Amino acid sequence: MQQIINFIIRNKTFLLFLLLFFISIVFTIQSHSYHKSKFINSANFLTGGIYNSVNNISEYLSLKSQNQILSEENNRLKSLLFNSENTIDSTYTDSITFNGLYKIYTAKIIKNSYSVADNILLINKGTKDSIKEDFGVITSKGVLGIIDNSSNNYSTVISILNTTSNISAQLKNTNHFGSLTWNGDSPNIVQLTDVEKIAPVKEGDTIVTSGLSSIFPKDIHIGVVKDFKLDIAENYYEINVVLFNDMTNLEHVHIIENRDIEEITNLLNSN
Amino acid sequence: MNSIISLNSVRFLVLVLTQVLICNHINFLGYVNPNVYILFIILFPVKNNRSLFILMSFLLGLIIDLFLDSGGIHAAACVFIAYTRPIILKFSFGMVYEHQNMKFNTVDFGAKLTYITIMTVVHHIILYSLEIFSISKIILVLQKTLFSSIFTIILCVLLIIIFSRKSK
């Protein structure tokens, strides 16, 4: 016993080093597996608060480009409204607003990141605004990511620029689907893999969400096909997709809640 | 003694804030960011309590990880260079270090540059291997290490020159 204690005292620096190094490796491995980073994330009052107060100042710097994006979005919605065939009737009630399948929240990005292999964003809405894990996040131009952790006032978002991210996507004009991943190279190109060889892929085709995962509704834009090739086994296409979103300039986002997600997951789990 | 503690606490806070609010948004050429916060570990007094020093480095790395949502990669890299620092010090400064009365203001510039370079490169290799976490992408790891190290070393040397007090 004496000898063991002596050994510990003699090598206490080395043992402390080993312990701390081991703890950090455990955190690292956790962060590399999807939806496991429970302890170390920026959705807490300290880091969230600091990012929020800094963002309050720095948002003025991008005011012009953000206004531009919002006015383009307005423009698009106006043209939809004026060209729609429904004439507005005073007895018509918009049923979407109170019992639609999807509920939309707005939020602001307070920490953006696109230069590392596993990018995680921070937004200024949390459980207080009934934001929970697995809600989808989009911008006016396309898909952004999926909510990971939420604290009271802040949530982290797994960006599509994250090597563990995996979103179901399909070609717009046919229903051939695959999964959208990122290889970590360029912040405006993602990869669509596992698309069947018989799918008629062409350069310039639009890629949209498939609606199979019940996180995103169908037909949210993602990007266009840049180039494609068959994988090593020559069964599936690997497609490079150029994103519609400029991931380096993000501010206003929409969060999508699927009200039936519990029912769907229960049904899937019961089988 | 008191002034050393307060100096290092202030340095800790300032470097963390500089790192997460400024240095991680530079994205030079798309992905090159300097990691200037390791100046805290580089400039920590040589005469110290080693356990405390390793614990402080772990805390520094963990706070950076908390801000950047990066798991434990910064903590691991910081703990590693904090533990191996005596070896690197001995290699870079030789006799001066062994006399145990070394001050960073008084040693010559060449040795200091060697010391900063070795510390930075070791830190970055561990950081980026853990970040990318895949042997098949070793080229990407080395590329990121090289560019970020150059950037970090230049910034660290500049900061040391700017903030060094005139030695009497």
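The paragraphs below set out a description of the structure included in this document. (Residues numbered from 1 in each chain as written. Chains lettered and ligands numbered in written order. Predicted model: local features only at pLDDT ≥ 70, side-chain atom pairs only at ≥ 80, totals over all residues. Heavy atoms only, no water.)

### Description of the pattern of salt bridges
Here comes step 1: Going through the model one piece at a time under the given rule, you end up with five salt bridges over all chains.
Here comes step 2: Across the salt bridge formed by E73 of chain A and R76 of chain A, the nearest N and O atoms sit 3.8 Å from each other. Highlighted residues: E73 of chain A and R76 of chain A, both in helix 4 (residues 63-83), separated by three residues, approximately one helical turn.
Here comes step 3: E73 of chain A gets classed as buried once you look at its relative accessible area, which sits at 17%.
Here comes step 4: Residue D69 of chain B pairs with K111 of chain A through a salt bridge whose shortest N-O separation is 2.9 Å. On the criterion of chain membership, the pair formed by D69 of chain B in the loop between helix 3 (50-68) and helix 4 (73-93) and K111 of chain A in strand 1 (residues 102-111) is interchain, its members lying in two chains.
Here comes step 5: The buried category is assigned to D69 of chain B, whose relative accessible area is 6%.
Here comes step 6: Residue classification places K111 of chain A among the buried residues on the basis of a relative accessible area of 3%. (Salt bridge = Lys/Arg side-chain N within 4 Å of Asp/Glu carboxyl O. Helix = DSSP H or I, 4+ residues; strand = E, 2+ residues; numbered from the N terminus. Buried < 20%, exposed > 50% of the residue type's maximum accessible area, 1.4 Å probe, protein only.)

### Topic: the sheet that holds strand 9 (residues 206-209) of chain A
Residue and element names in this part refer to chain A.
Here comes step 1: Sheet architecture is closed into a barrel: six strands sit in the order 6-7-8-11-10-9, paired in antiparallel fashion. Recorded for the sheet is a direction-independent mean angle of 40° between the axes of neighbouring strands.
Here comes step 2: Note: strand 7 (residues 177-181) against strand 8 (residues 189-196), three bridges, orientation antiparallel. Pairing of L180 across the sheet is with L192, part of strand 8. (Pairing = 2+ DSSP bridges. Axes fitted to C-alpha atoms, helices over the stretch in contact; angles between N-to-C directions.)

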